[in-house]
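Structural overview
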Amino acid sequence: QVQLVESGGGLVQAGGSLRLSCAVSGPAASVMGWYRQAPGKQREVVALISNLGSTQYIDSVDGRFTISRDNRKNAVYLQMNSLKPEDTAVYYCSIPAWSGIGEYWGQGTQVTVSS
(Lines give C-alpha, C1' and ligand atoms only; values in the text may rest on other atoms or scores of the structure.)
Protein backbone atom coordinates (compact mmCIF):
# COMPACT_ATOMS: atom_id res chain seq x y z
CA GLN A 1 0.00 0.00 0.00
CA VAL A 2 1.43 3.36 -1.05
CA GLN A 3 0.63 6.42 1.05
CA LEU A 4 1.57 10.03 0.43
CA VAL A 5 1.40 12.62 3.20
CA GLU A 6 1.88 16.30 2.42
CA SER A 7 2.84 19.06 4.83
CA GLY A 8 3.97 22.66 4.69
CA GLY A 9 0.99 24.55 3.34
CA GLY A 10 -0.32 27.73 4.90
CA LEU A 11 -1.08 31.41 4.47
CA VAL A 12 1.56 33.72 3.07
CA GLN A 13 1.67 37.22 1.63
CA ALA A 14 2.38 37.80 -2.03
CA GLY A 15 6.10 37.63 -2.66
CA GLY A 16 6.65 35.19 0.16
CA SER A 17 7.84 31.59 0.17
CA LEU A 18 6.61 28.20 1.29
CA ARG A 19 8.11 24.73 1.14
CA LEU A 20 5.88 21.72 0.70
CA SER A 21 6.99 18.25 1.69
CA CYS A 22 5.60 14.87 0.76
CA ALA A 23 6.56 11.70 2.60
CA VAL A 24 5.96 8.49 0.68
CA SER A 25 5.52 5.08 2.23
CA GLY A 26 5.89 2.18 -0.13
CA PRO A 27 8.03 1.50 -3.18
CA ALA A 28 9.90 4.32 -4.87
CA ALA A 29 8.32 5.70 -8.03
CA SER A 30 10.21 6.63 -11.18
CA VAL A 31 8.24 9.88 -11.46
CA MET A 32 6.64 12.02 -8.78
CA GLY A 33 4.86 15.30 -9.03
CA TRP A 34 3.00 18.16 -7.47
CA TYR A 35 -0.44 19.17 -8.72
CA ARG A 36 -2.81 21.90 -7.63
CA GLN A 37 -6.48 22.70 -7.80
CA ALA A 38 -7.81 26.20 -7.36
CA PRO A 39 -11.47 26.88 -6.52
CA GLY A 40 -13.66 26.40 -9.57
CA LYS A 41 -10.77 25.14 -11.70
CA GLN A 42 -9.52 21.77 -12.84
CA ARG A 43 -6.58 20.12 -11.18
CA GLU A 44 -3.34 20.89 -13.02
CA VAL A 45 0.18 19.58 -12.88
CA VAL A 46 2.67 22.02 -11.38
CA ALA A 47 5.96 20.14 -11.51
CA LEU A 48 7.32 16.65 -12.14
CA ILE A 49 10.59 15.02 -11.20
CA SER A 50 12.12 11.70 -12.25
CA ASN A 51 14.20 9.44 -10.04
CA LEU A 52 17.25 10.72 -11.93
CA GLY A 53 16.41 14.33 -11.09
CA SER A 54 14.98 15.52 -14.41
CA THR A 55 12.34 18.18 -13.82
CA GLN A 56 9.46 19.79 -15.67
CA TYR A 57 7.36 22.81 -14.72
CA ILE A 58 4.32 24.56 -16.03
CA ASP A 59 5.13 27.96 -17.48
CA SER A 60 3.39 29.93 -14.76
CA VAL A 61 5.71 28.63 -12.01
CA ASP A 62 8.94 28.11 -13.95
CA GLY A 63 11.70 30.13 -12.31
CA ARG A 64 9.75 30.54 -9.06
CA PHE A 65 9.14 26.95 -7.93
CA THR A 66 11.69 24.17 -7.50
CA ILE A 67 10.81 20.50 -7.20
CA SER A 68 13.29 18.13 -5.60
CA ARG A 69 13.34 14.66 -4.16
CA ASP A 70 15.32 12.65 -1.66
CA ASN A 71 15.40 9.08 -2.92
CA ARG A 72 16.92 7.84 0.33
CA LYS A 73 13.99 9.21 2.33
CA ASN A 74 11.46 8.54 -0.45
CA ALA A 75 10.26 12.12 -0.23
CA VAL A 76 9.55 14.93 -2.66
CA TYR A 77 9.54 18.67 -2.02
CA LEU A 78 8.28 21.84 -3.66
CA GLN A 79 10.02 25.10 -2.83
CA MET A 80 7.75 27.97 -3.82
CA ASN A 81 9.21 31.47 -4.02
CA SER A 82 7.78 34.80 -5.18
CA LEU A 83 4.30 33.50 -4.52
CA LYS A 84 1.37 35.19 -6.21
CA PRO A 85 -2.33 35.26 -5.29
CA GLU A 86 -3.02 33.11 -8.35
CA ASP A 87 -0.92 30.35 -6.77
CA THR A 88 -3.66 29.90 -4.18
CA ALA A 89 -4.89 26.31 -4.38
CA VAL A 90 -4.89 22.93 -2.73
CA TYR A 91 -1.59 21.29 -3.59
CA TYR A 92 -1.37 17.54 -4.01
CA CYS A 93 1.61 15.24 -4.07
CA SER A 94 1.16 12.48 -6.61
CA ILE A 95 2.66 9.43 -8.20
CA PRO A 96 1.39 9.49 -11.79
CA ALA A 97 -0.09 6.41 -13.37
CA TRP A 98 2.77 6.14 -15.84
CA SER A 99 5.32 5.80 -13.01
CA GLY A 100 4.82 2.05 -13.20
CA ILE A 101 3.53 1.34 -9.69
CA GLY A 102 0.03 2.79 -10.06
CA GLU A 103 -1.52 6.19 -9.46
CA TYR A 104 -1.53 7.62 -5.95
CA TRP A 105 -2.50 10.94 -4.37
CA GLY A 106 -1.92 12.63 -1.07
CA GLN A 107 -4.70 14.29 0.89
CA GLY A 108 -3.71 17.78 -0.23
CA THR A 109 -2.44 20.84 1.58
CA GLN A 110 -3.91 24.33 1.30
CA VAL A 111 -1.73 27.17 0.08
CA THR A 112 -3.24 30.64 0.32
CA VAL A 113 -1.43 33.72 -0.97
CA SER A 114 -2.83 37.07 0.09
CA SER A 115 -2.36 40.22 -1.95
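Here, the structure is the one placed above.
The following refers to the structure shown. (Residues numbered from 1 in each chain as written. Predicted model: local features only at pLDDT ≥ 70, side-chain atom pairs only at ≥ 80, totals over all residues. Heavy atoms only, no water.)

The helix and strand inventory of the protein chain stands at zero helices and 11 strands. Counting from the amino terminus, helix and strand elements in the protein chain follow one another as β-β-β-β-β-β-β-β-β-β-β. For 115 residues, the compact-globule formula gives about 13 Å, and the C-alpha radius of gyration of the protein chain, at 13 Å, lands near that figure. Along the first, second and third principal axes, the C-alpha atoms of the protein chain reach 40 × 25 × 20 Å. When burial is assessed residue by residue, the protein chain has 44% of its 115 residues classed as buried. A fraction of 53% describes how many contacts in the protein chain between residues 6 or more apart in sequence connect residues 24 or more apart. For the protein chain, the accessible surface area stands at approximately 5900 Å², while carbon and sulfur atoms represent 48% of it. Looking at charge distribution, the protein chain has the averaged site of its 9 positive side-chain charges lying 5 Å from that of its 8 negative ones. (Helix = DSSP H or I, 4+ residues; strand = E, 2+ residues; numbered from the N terminus. Rg over C-alpha atoms; globule rule 2.2 N^0.38 Å. Buried < 20%, exposed > 50% of the residue type's maximum accessible area, 1.4 Å probe, protein only. Contact = heavy atoms within 4.5 Å. Areas by Shrake-Rupley, 256 points an atom, 1.4 Å probe, with all protein chains shown as cover. Lys, Arg positive; Asp, Glu negative; His and termini not counted. Charge placed at Lys NZ, Arg CZ, Asp CG, Glu CD.)

What the rule picks out here adds up to three salt bridges. A salt bridge links aspartate 87 to arginine 36, with the shortest nitrogen-to-oxygen separation between them at 3.0 Å. A residue pair is termed long-range when its members are at least 10 positions apart, and aspartate 87 in the loop between strand 8 (75–80) and strand 9 (89–95) and arginine 36 in strand 4 (residues 31–37) qualify at 51 residues. With respect to burial, aspartate 87 and arginine 36 carry one shared label: buried. As a salt-bridge pair, aspartate 87 and arginine 64 come within 2.8 Å of each other at their nearest N and O atoms. Of this pair, aspartate 87 sits in the loop between strand 8 and strand 9 while arginine 64 sits in the loop between strand 6 (55–57) and strand 7 (65–70), and the two are 23 residues apart along the sequence. With relative accessibility at 1%, the residue aspartate 87 sits in the buried group. Overlapping salt bridges bring together Arg36, Glu44, Arg64 and Asp87 as one network. (Salt bridge = Lys/Arg side-chain N within 4 Å of Asp/Glu carboxyl O.)

Turning to the packing of aromatic side chains, a few remarks are in order. Inspection of the entire model under this criterion finds two aromatic pairs. Arranged with centres 4.9 Å apart and planes meeting at 65 degrees, the rings of tyrosine 35 and tryptophan 105 form a pair that is edge-to-face. Of the two residues, tyrosine 35 sits in strand 4 while tryptophan 105 sits in strand 10 (residues 104–105), which places them 70 residues apart along the sequence. Taking 6.3 Å as the distance between ring centres and 85 degrees as the angle between the ring planes, the aromatic pair formed by tyrosine 92 and tryptophan 105 counts as edge-to-face. Here tryptophan 105 lies in strand 10 and tyrosine 92 lies in strand 9, a separation of 13 residues in the sequence. Here a set of aromatic residues connected by ring pairs shows up, and it is made of Tyr35, Tyr92 and Trp105. A cation over an aromatic ring shows up here: arginine 43 above the ring of tyrosine 92, its NZ or CZ 3.8 Å from the ring centre. (Phe/Tyr/Trp six-rings, centres within 6.5 Å; stacked < 30°, edge-to-face > 60°. Lys NZ or Arg CZ within 6 Å of the ring centre and 35° of its normal.)

The sheet built from four strands is open, its strands ordered 1-3-8-7 with antiparallel pairing. Only two strands of the sheet have a single partner each, and these edge strands are strand 1 (3–7) and strand 7. Neighbour to neighbour, the strand axes of the sheet diverge by 15 degrees on average, direction disregarded. (Pairing = 2+ DSSP bridges. Axes fitted to C-alpha atoms, helices over the stretch in contact; angles between N-to-C directions.)

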